[in-house]
Amino acid sequence: MSIRTLILFMASCLTLAVHAQVTAEHEPLVVEHEQRAFPDSIPAGGYSGITWLGGDRYAVVSDNGRDGYFIFRITLDSVGMVTSAACTDFIGSQSSNPDNEDVAWFAPDSTLFISSESDTKVREFSLQGVPTGRKLPIPAVFRGTSKAYGLEALTYNAVTHRFWTTSESTLEGDGLRANPDNGARNRLRIQSYDDSLCAGAQYLYEMDEPMAQVMPERFAMGVSAMTALDDGRLLVLEREFAVPESIIGAFVSCRIYQVYPGREEPVLPTESIEGRKPMEKILLAEWMTAVGLLDVSIANYEGMCAGPRLADGRQVIVLISDSQNQYAGVLKDWVKTIVIE
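Residues numbered from 1 in each chain as written. Predicted model: local features only at pLDDT ≥ 70, side-chain atom pairs only at ≥ 80, totals over all residues. Heavy atoms only, no water.

Caption draft 1: Representation of the sheet that holds strand β12 (residues 162-167) within the structure. One open sheet accounts for four strands, arranged β11-β12-β13-β14; its pairing is antiparallel. The strands lining the two open edges of the sheet, one partner per strand, are β11 (151-157) and β14 (199-206). Within this sheet the neighbouring strands show an average axis-to-axis angle of 20 degrees, counted without direction. (Pairing = 2+ DSSP bridges. Helix = DSSP H or I, 4+ residues; strand = E, 2+ residues; numbered from the N terminus. Axes fitted to C-alpha atoms, helices over the stretch in contact; angles between N-to-C directions.)

Caption draft 2: Representation of the confidence of the model for the protein in the model. Taken residue by residue, the protein gives an average pLDDT of 91. The fraction at 70 or more is 91%. Every residue in residues 1-25 is under pLDDT 50, and counting partners more than four places away or in other chains gives 55 contacts. (pLDDT = per-residue confidence, 0-100. Contact = heavy atoms within 4.5 Å.)

Caption draft 3: Seen up close, the nonpolar core. Grouped together as the largest cluster of nonpolar side chains are 25 residues, with contacts concentrated most on L235, L237, I256, Y301, M304, L319 and I338. Those elements that provide at least two residues to this core are β16 (234-243), β17 (251-259), β18 (281-290), β19 (301-309), β20 (315-321) and β21 (334-340). Here this core takes four residues from β16, the largest share from any one element. Beyond its immediate stretch of four places on either side in the chain, L235 contacts A225, M226, T227, L229, I256, Y257, Q258, L284, M304, I317 and I340. Within the second largest apolar cluster, 24 residues are counted, among which are M207, L234, M279 and L283. (Core = buried A, V, L, I, M, F, W, Y, C linked by side-chain atoms within 4.5 Å. Buried < 20%, exposed > 50% of the residue type's maximum accessible area, 1.4 Å probe, protein only.)

Caption draft 4: Examining the packing of aromatic side chains more closely. Under the defined criterion, the tally for this structure stands at ten aromatic pairs. An angle of 90 degrees between the planes, with centres 5.6 Å apart, marks the rings of Y47 and F70 as edge-to-face. Highlighted residues: Y47 in strand β3 (residues 47-54) and F70 in strand β5 (residues 66-76), separated in sequence by 23 residues. Accessibility assignment for this pair places Y47 and F70 in one class, buried. Taken together, a centroid distance of 6.2 Å and an interplanar angle of 45 degrees make the contact between W164 and Y203 tilted. With W164 in strand β12 and Y203 in strand β14, this pair connects stretches of sequence that are 39 residues apart. With respect to burial, W164 and Y203 carry one shared label: buried. Each member of the aromatic cluster is reached from another via a ring pair, and the members are Y47, F70, F72 and F90. Here the basic side chain of K281 rests over the ring of Y257, its NZ or CZ set 4.2 Å away from the ring centre. (Phe/Tyr/Trp six-rings, centres within 6.5 Å; stacked < 30°, edge-to-face > 60°. Lys NZ or Arg CZ within 6 Å of the ring centre and 35° of its normal.)

What follows is the structure, encoded as structure tokens:
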């Protein structure tokens, strides 16, 4: 482990500066706001996905407990910072949760689609929390993958009329899953669907190399969320979670990239991705949280969605973390926003 990395790990609640990268056609302007926790109004949970329902209402799913979704009310100030957040209701059934990982508001039918990792399904639910019976058809290449790294991210945009979903990590048969020891990069298939729930084009996405330089006691790295924007951009959240045996020095690194699906050739679900060129990606924001000597603000962000726009037209992106039921009394259910053009 390098000295620089060690310093980053030990720093309490270290937040890296937001990056803006210039291209010939787009200069993203990003403002990152601090994360906040609301233990009096948000009970401990495994909050893994979020979607905006309008106003201050959001649907949130958990990867444990009962099958269904929570209603969160999240208020923002004039610059997009979170001022309050509360879990106000649970809508669902007594059925066990099949590891629900993300949720997307489907505006054409006023329903919700929820992706589940353990059974590799994306199911439609009514607002009453009842499955409608409709599902997104999942290509065979996604089936039979590891339950720990199956379908994770899900998003829908009503302007582009497209769903997007992907696995958390590299699928079986597509290569090694990245860890600090093998030098690999996760290569993911991002799958699209139209309003008729028909499978569309599939694109190759390649993650960064792990930041951790030695294999820790616990390690997880993958795409934990995506957000589809009105202009066709797709935001991809890369999350690396490393916990050494001592706990001190544990960190979560988050990076949000934007990609433009369709600029590269799609890949077929039945073809190998070996040697294929991934989508070009542009870094929008980057931050790290850690377990340090003086503070514990580590946050495992697994949910991300487009929220309201500010008065000047800028888009608020809302993120939530999965505390694993406030594991060991260390993790918290953090809420965070960034603002983009």
